[in-house]
Amino acid sequence: MKRSEKDSKFSVRTITRRGLILGGLQTGVLGVLALRMRELQVEQAEQFQFLAEENRINIRLLPPARGLIYDRNGVLLAGNAPNYRVVIVREDAGDVDAVLKTLTDIVPLPEEDLVRARREMSRRSPFVPVTIADRLTWEQFSEIGVNAPALPGITTEVGLSRVYPLDQDFAHSIGYVGPVSDYDLERLQDDDPLLQIPRFQIGKTGVEAKLERDLRGSAGTRQIEVNAAGRVMRELRRDAGNSGANVQLTLDHALQNFTEARLAGESAAVVVLDMADGDIRAIASAPSFDPNKFVRGISGPDYRALLEDEYRPLADKTVQGTYPPGSTFKMITALAALEAGLIDTEERVWCGGYTELGRRRFHCWKRGGHGWMNMVDSLRESCDVYYYDIAQRVGIEKIAEMARRFGLGQRFDLPMSAVAEGLIPDKAWKSANRGEDWLVGDTLNACIGQGFVLTSPLQLAVMTARLATGREIMPRLVRKVDNTPVPVAEASSLGIRRRYLEVIQRSMYEVSNLRKGTAYGSRVTEKAYRIAGKTGTSQVRNITAEERARGVFRNADLPWNRRDHALFVGYAPFDAPRYAISVVVEHGGGGSKAAAPIARDVLLQALYDGLPPLSAYPAHQHNMIEERQRALELRPRLEPTEGRSRA
């Protein structure tokens, strides 16, 4: 009995000691947990609530709708079309290769798209959406959407992509957009977050590039709820941002289309100016190209074909191309001599076919010479020797100063790519750029638009408009930006005496309307629409003495790239000038044969606002003109779309 009691007391004491130890341990653990729970629930509650919300809600940038571009009548030239695309967020996808494999099993995609997407993902943050493929068909888009649960990190989106409904007609002036590149980011120095969106489209050339900030708009945001797997559950909030500004140009889509069609088969440029306000009605460079191919991503073979074409379709010859103006420059030399008081309009100069300067002969285009020439005669028949004579009296400085007054050697502020300044040389220029003194022979070359002189078709059109009006007309390409009119520059007087201008204008009238005129074959018989103009032919090669002795090769007998450039400048109607035009046909031969007929057709199209009647042409040309008009591939005149809702 006693032993039993002793054992019982011992057991009680033993359990109590163990319980105390275990209880202490449990109490300590519970205390630590309680402190940690208090820290998480009280002290760090706000931080973890924020993190949980971030995991549940994603905020993504929304590209704005790009501004639309219209012609002067409200016809759409650059619009937006729905673009079905599929994007991936690397952070949500997990095994990217496995996800892409599943995706291509569902919808086959081009290998180059997958390569590009992987490259983009390697350069972007894991949470930035990367476009895998765009321009999907509705069937492809739907198939991916139906299989969304099997595609973590994959999202289908509907965006907008640029489209040019008139394809080649405005490729050079409007330009095109393309995906933003690292080069663009470095060049633009722009911190707009939109530019960080892979494959975001920005303007690359032309109006699209020069008015990029106006057309781009500002980003919107999209707040979406996702589940634990990263799948989008619902859209919580959307801020569409601000669409880009709409732009209205001065161009007329119907005249532009006619001009492009009329230049088919040529390497050429045409500029048509409205002299009332300086509006550019048409500005065409041929051949052209389809800008839609660049938006989609042009293929290697297509791009090489454009680069290797000797007619240079990617170059905008209207503003980037510079050419010796040839005889179209003679009006400038004549005005410089008249204003300096160094010649009278009736003074006659003998043309025997050449002028001798030291041991060198400067030849006239007419081998036997023109005989006695006054100023009107010399312009009508384009005598070179007459200008060799007066240029030696007036000198290069006065000729260069007059040329600049008429817009030559000036870079006009237009929203087009690489607008050229051209070159009006003088003594200082040659000394600075060639390290040589100016020679009298340089003046003789310059006075007939050869030598160092270089002008663009745009500059020649401006020169012609100023010759016709005596006013400092400035070219304009944009009429409105977001319904705000672009001011028309005031055309002040050039300060040229009226009687001098009238001599030049009468001479240009005779070029196109008198039998001895170099452009008589391209005359207009409708009196109300008669043209005043000047032909030009600029050499691209030197003619040696040996070649002159045996007979100069005809252009038709030479390889295309060694033939002369053909030029024509003019305005109409002569009695009430409205439109000025310049035409340059690369390696076209003579201006009277290659450039003047194009200028006549385009001017008549502008004046009649449609195909002119045959009665506007000489009777013996009716069959030829009718056949030419039938061969033109023209679009029907389009209805205005400005003011309708965006695509």
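Residues numbered from 1 in each chain as written. Predicted model: local features only at pLDDT ≥ 70, side-chain atom pairs only at ≥ 80, totals over all residues. Heavy atoms only, no water.

Novice: Which residues make up the overall build of the chain, and what are the values?
Specialist: Of the regular secondary structure elements, the chain holds 23 helices and 21 strands. When the 647 residues of the chain are sorted by exposure, 50% land in the buried category. Considering only intrachain contacts with a sequence separation of at least 6, the fraction spanning at least 24 residues in the chain is 73%. About 31200 Å² of surface is accessible on the chain, with carbon and sulfur atoms providing 50% of the total. (Helix = DSSP H or I, 4+ residues; strand = E, 2+ residues; numbered from the N terminus. Buried < 20%, exposed > 50% of the residue type's maximum accessible area, 1.4 Å probe, protein only. Contact = heavy atoms within 4.5 Å. Areas by Shrake-Rupley, 256 points an atom, 1.4 Å probe, with all protein chains shown as cover.)

Novice: Explain the pairing of strand 11 (residues 268-274) to me, and be specific about the residues and the numbers.
Specialist: Counting buried residues along strand 11, seven of its seven residues qualify, which places the element largely inside the surrounding structure. Here strand 11 shows two buried faces, one formed by Ala268, Val270, Val272 and Asp274 and the other by Ala269, Val271 and Leu273. Here strand 11 runs beside strand 12 (residues 280-286); their pairing, made up of six bridges, is antiparallel. In the sheet register, leucine 273 faces strand 12, and the bridge partner there is isoleucine 280. Joining the antiparallel neighbours strand 11 and strand 12 is a turn of five residues, in which glycine 278 adopts a positive phi near 80°. Taken together, the seven bridges between strand 11 and strand 21 (residues 579-585) define a ladder with antiparallel strand orientation. In the strand pairing of strand 21, alanine 269 is matched with valine 584. (Pairing = 2+ DSSP bridges.)

Novice: Would you mind going over the sheet that holds strand 11 in detail, with residue names and values included?
Specialist: On the basis of which strands lie adjacent, the open sheet formed by five strands has the order 12-11-21-20-19 and antiparallel pairing. Where the open sheet ends on each side, the last strands, each with one partner, are strand 12 and strand 19 (532-538). Going across the sheet, the axis of each strand differs from the next one's by a mean of 5°, ignoring polarity. Contacting strand 11, strand 12, strand 20 (565-572) and strand 21, helix 19 (residues 457-469) crosses the sheet at an angle of about 145° to strand 21. (Axes fitted to C-alpha atoms, helices over the stretch in contact; angles between N-to-C directions.)

Novice: Just give me the short version of the nonpolar core, but keep the residues and values in it.
Specialist: Judged by nonpolar contacts, the single largest core of 98 residues is most densely connected at Leu249, Leu335, Tyr386, Phe406 and Met463. A per-element tally of this core places helix 16 (residues 384-405) first, with 12 residues. When sequence neighbours within four positions are dropped, the list of residues in contact with phenylalanine 406 reads Ile332, Leu335, Gln459, Val462, Met463, Arg466, Leu467, Leu494, Ile496 and Leu501. (Core = buried A, V, L, I, M, F, W, Y, C linked by side-chain atoms within 4.5 Å.)

Novice: I'd like a rundown of the packing of helix 4 (residues 96-106) against helix 5 (residues 111-123), residues and numbers included.
Specialist: Interhelical geometry of helix 4 versus helix 5 gives an angle of 155° and a closest axis separation of 12 Å. Classified by the angle their axes make, helix 4 and helix 5 are roughly antiparallel. The interaxial crossing formed by helix 4 with helix 5 has right-handed handedness. Where helix 4 approaches helix 5, its residues Val96, Asp97, Leu100 and Thr104 are matched on the opposing element by Leu114, Arg118 and Met121. Looking at the contact of helix 4 with helix 5, its residues break down into four nonpolar, one polar and two charged. (Parallel < 35°, antiparallel > 145°, perpendicular 65-115°, else oblique. Left-handed = near helix turned anticlockwise from the far one by under 90°. Nonpolar A, V, L, I, M, F, W, Y, C, P; charged D, E, K, R; others polar.)

Novice: So, helix 11 (residues 253-262): which residues are in play, and what are the values?
Specialist: Within helix 11, 10 of the 10 residues are buried, which leaves it mostly tucked inside the rest of the structure. Between the side-chain oxygen of the N-cap and the backbone nitrogen of alanine 254 there are 2.9 Å, and the N-cap of helix 11 in question is aspartate 252. (Polar contact = N/O pair within 3.5 Å; in protein donor to acceptor, adjacent residues only side chain to side chain.)

Novice: I'd like a rundown of unusual backbone geometry, residues and numbers included.
Specialist: Along the chain, alanine 286 connects to proline 287 via a cis peptide bond; the corresponding omega equals -5°. Note on placement: proline 287 falls in the loop between strand 12 and helix 12 (292-296). The omega torsion of the bond from alanine 572 to proline 573 falls at -10°, within 30 degrees of zero and hence cis. In this structure, proline 573 sits in the loop between strand 20 and strand 21. For aspartate 167, which is not glycine, the phi torsion reads 30° and is therefore positive. Mapped onto the elements of the fold, aspartate 167 is located in the loop between strand 5 (154-163) and helix 7 (171-174). You can call aspartate 167 partly exposed: its relative accessible area is 26%. Phi is positive for arginine 312, which is not a glycine, with a value near 55°. Tracing the backbone through its elements, the reader meets arginine 312 in the loop between helix 13 (300-308) and helix 14 (330-339).

Novice: Can you tell me about the pattern of salt bridges, naming the residues and giving the values?
Specialist: Note that side chains of opposite charge can pair when their charged atoms are close. For the structure shown, the criterion picks out 36 salt bridges. For arginine 405, the salt bridge goes to glutamate 401, with nearest N and O atoms at 3.8 Å. Taken together, the positions of arginine 405 and glutamate 401, both in helix 16 and four residues apart, correspond to about one turn of that helix. Across the pair glutamate 436 and lysine 430 runs a salt bridge, and its minimum N-O distance is 3.8 Å. Judged by relative accessible area, which is 3%, lysine 430 ranks as buried. (Salt bridge = Lys/Arg side-chain N within 4 Å of Asp/Glu carboxyl O.)

Novice: Any details on the side chain of aspartate 279? Residues and values, ideally.
Specialist: In this structure, aspartate 279 sits in the loop between strand 11 and strand 12. With a relative accessible area of 0%, aspartate 279 lands in the buried category. There is a polar contact of 2.8 Å between the side chain of aspartate 279 and the side chain of arginine 476. Filtering out sequence-adjacent residues up to four positions away, aspartate 279 remains in contact with Arg72, Thr250, Val272, Leu273, Asp274, Arg476 and Arg479.

Novice: Explain the environment of methionine 373 to me, using residue names and the numbers behind them.
Specialist: Position of methionine 373 among the secondary structure elements: in strand 16 (residues 371-373). Taking the relative accessible area as the measure of exposure, methionine 373 reaches 4% and is therefore buried.

Novice: Help me get a handle on the packing of helix 14 against helix 16, residues and values and all.
Specialist: Packing of helix 14 against helix 16 leaves a shortest axis separation of 7 Å and a crossing angle of 85°. In terms of their interaxial angle, helix 14 and helix 16 are classed as roughly perpendicular. Contacts between helix 14 and helix 16 involve Lys330, Ile332, Thr333, Ala334, Leu335, Ala336, Ala337 and Glu339 on the former and, on the latter, Asp384, Tyr387, Ile390, Val394, Lys398, Ile399, Met402, Ala403 and Arg405. Within the contact of helix 14 with helix 16, the residues separate by chemical class into 11 nonpolar, one polar and five charged.

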